Amino acid sequence: VTTAQIHQGLWLISWGLFKKVVIADNLTIIVDRTFDATSSAGAAEYLVAIYAFAFQIYCDFSGYSDMARGLANLMGFDLKFNFLRPYWALGMRDFWRRWHISLSTWLRDYLYIPLGGSRHGRWPMYRALMLTMALGGLWHGANWTFVVWGIYHGSLLVGERWLASDLGLKWPSGRLANLVGIVVTFHLVCLGWLLFRATSLSQV
């Protein structure tokens, strides 16, 4: 174990604990109060709760990942990033390259590719994407909200590929266009988080 690994490990553990205990756990109070089954929250409160949940779930998962990486550093190992600024993603495909990378890689290697991947043409690829994301949603829990969340993300990924590959439409370049793309992607993800966090489809 090197001195640099010890310093890095202690920093990652501290930062991960901060994200989990200070940010995520405090945002949980807002989210749980709003999404409680007896809540009579209005649209504005739900909007705030969805934004809060977006950062709660990110700080929760990435906090745990940072602590795991930090502990690995203290034992002389270097683990890869599991989250790479996912809310800066420019498009849904980019989001899944940045979000929960260990899970998205597992879904790719053990579901998407065995289901045919992109080897058999356009429509089989779209089917493989949809099945992969639907099963990925079901993996999170036996609830229709998770299944619909997976189908929602699968539809966005299919739609993005269809626009880019079949219609040849590309998002314009430039700082302003990138900023708009990031904001649009973030809000599409947040709409998905509503599906993920809601206790039932009727609440959605």
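Figured I'd write up the structure that's included with this text. Bear in mind the structure is a predicted one, so any value in this text is a computation, not a measurement.

Basis of the calculations
- Residues numbered from 1 in each chain as written.
- Predicted model: local features only at pLDDT ≥ 70, side-chain atom pairs only at ≥ 80, totals over all residues.
- Heavy atoms only, no water.
- Phe/Tyr/Trp six-rings, centres within 6.5 Å; stacked < 30°, edge-to-face > 60°.
- Helix = DSSP H or I, 4+ residues; strand = E, 2+ residues; numbered from the N terminus.
- Lys NZ or Arg CZ within 6 Å of the ring centre and 35° of its normal.
- Core = buried A, V, L, I, M, F, W, Y, C linked by side-chain atoms within 4.5 Å.
- Buried < 20%, exposed > 50% of the residue type's maximum accessible area, 1.4 Å probe, protein only.
- Contact = heavy atoms within 4.5 Å.
- Patch = residues over 30% accessible without salt bridge, like charges linked within 9 Å, V, L, I, M, F, W, Y side chains within 5 Å.
- Areas by Shrake-Rupley, 256 points an atom, 1.4 Å probe, with all protein chains shown as cover.
- Salt bridge = Lys/Arg side-chain N within 4 Å of Asp/Glu carboxyl O.
- Expected span 1.5 Å × (residues − 1).
- Bend = angle between axes of the 7 residues up to and from the residue.

1. Some details on the packing of aromatic side chains
Part 1 of the reasoning: Counted according to the given criterion, the structure contains 24 aromatic pairs.
Part 2 of the reasoning: A ring pair is formed by Phe 146 and Phe 196, whose centres lie 5.0 Å apart and whose planes are at 70°; its orientation type is edge-to-face. Here the residue Phe 146 occupies a position in helix H6 (residues 144–166), and Phe 196 occupies one in helix H7 (residues 175–197), the gap between them amounting to 50 residues.
Part 3 of the reasoning: Positioned over the ring face of Phe 81 is Arg 69, at 4.3 Å from the centre of the ring.

2. What about the nonpolar core?
Part 1 of the reasoning: Residues Ile 57, Tyr 87, Phe 95, Trp 96, Trp 99, Trp 193 and Phe 196 are the most contacted members of the largest nonpolar core, which totals 37 residues.
Part 2 of the reasoning: Breaking this core down by element, the ones donating at least two residues are helix H1 (3–35), helix H2 (43–74), helix H3 (92–98), helix H5 (122–139), H6 and H7.
Part 3 of the reasoning: Among the elements that line this core, the one with the most residues is H2, at eight residues.
Part 4 of the reasoning: The residues contacting Trp 193, other than those within four sequence positions of it, are Phe 53, Ala 54, Ile 57, Tyr 87, Phe 95, Trp 99 and Trp 149.

3. Section: a nonpolar patch on the surface
Part 1 of the reasoning: A cluster of nonpolar side chains, namely Val 1, Ile 6, Leu 10, Leu 71, Leu 74, Met 75 and Phe 77, defines an oily patch on the protein surface of about 680 Å² accessible area.
Part 2 of the reasoning: Put simply, the parts of the chain that give the nonpolar patch at least two residues each are H1 and H2.
Part 3 of the reasoning: Within the secondary structure, Leu 71 sits in helix H2.
Part 4 of the reasoning: We classify Leu 71 as partly exposed; its relative accessible area is 47%.

4. With respect to the environment of Phe 55
Part 1 of the reasoning: Topologically, Phe 55 is positioned in helix H2.
Part 2 of the reasoning: Linking Phe 55 and Arg 127, residues 72 residues apart in sequence, is a C-alpha distance of 31 Å.
Part 3 of the reasoning: Residue contacts for Phe 55: discarding those within four places in its chain leaves Leu 27, Tyr 87 and Phe 186.

5. Topic: H1
Part 1 of the reasoning: Between its first and last C-alpha, H1 extends 45 Å over 33 residues, near the 48 Å set by a 1.5 Å rise per residue.
Part 2 of the reasoning: Of all bends in H1, the biggest is about 30°, found at Ala 24.

6. Some words on unusual backbone geometry
Among all residues except glycine, the phi angle is most often negative; among peptide bonds, the trans geometry is most common.
Part 1 of the reasoning: Not every positive phi belongs to a glycine, and Arg 85 is a case in point at roughly 45°.
Part 2 of the reasoning: On the secondary structure map, Arg 85 appears in the loop between H2 and H3.
Part 3 of the reasoning: For His 100, which is not a glycine, the phi torsion comes out positive at approximately 40°.
Part 4 of the reasoning: Counting through the fold element by element, His 100 comes out in the loop between H3 and helix H4 (101–112).
Part 5 of the reasoning: A relative accessible area of 17% places His 100 in the buried class.

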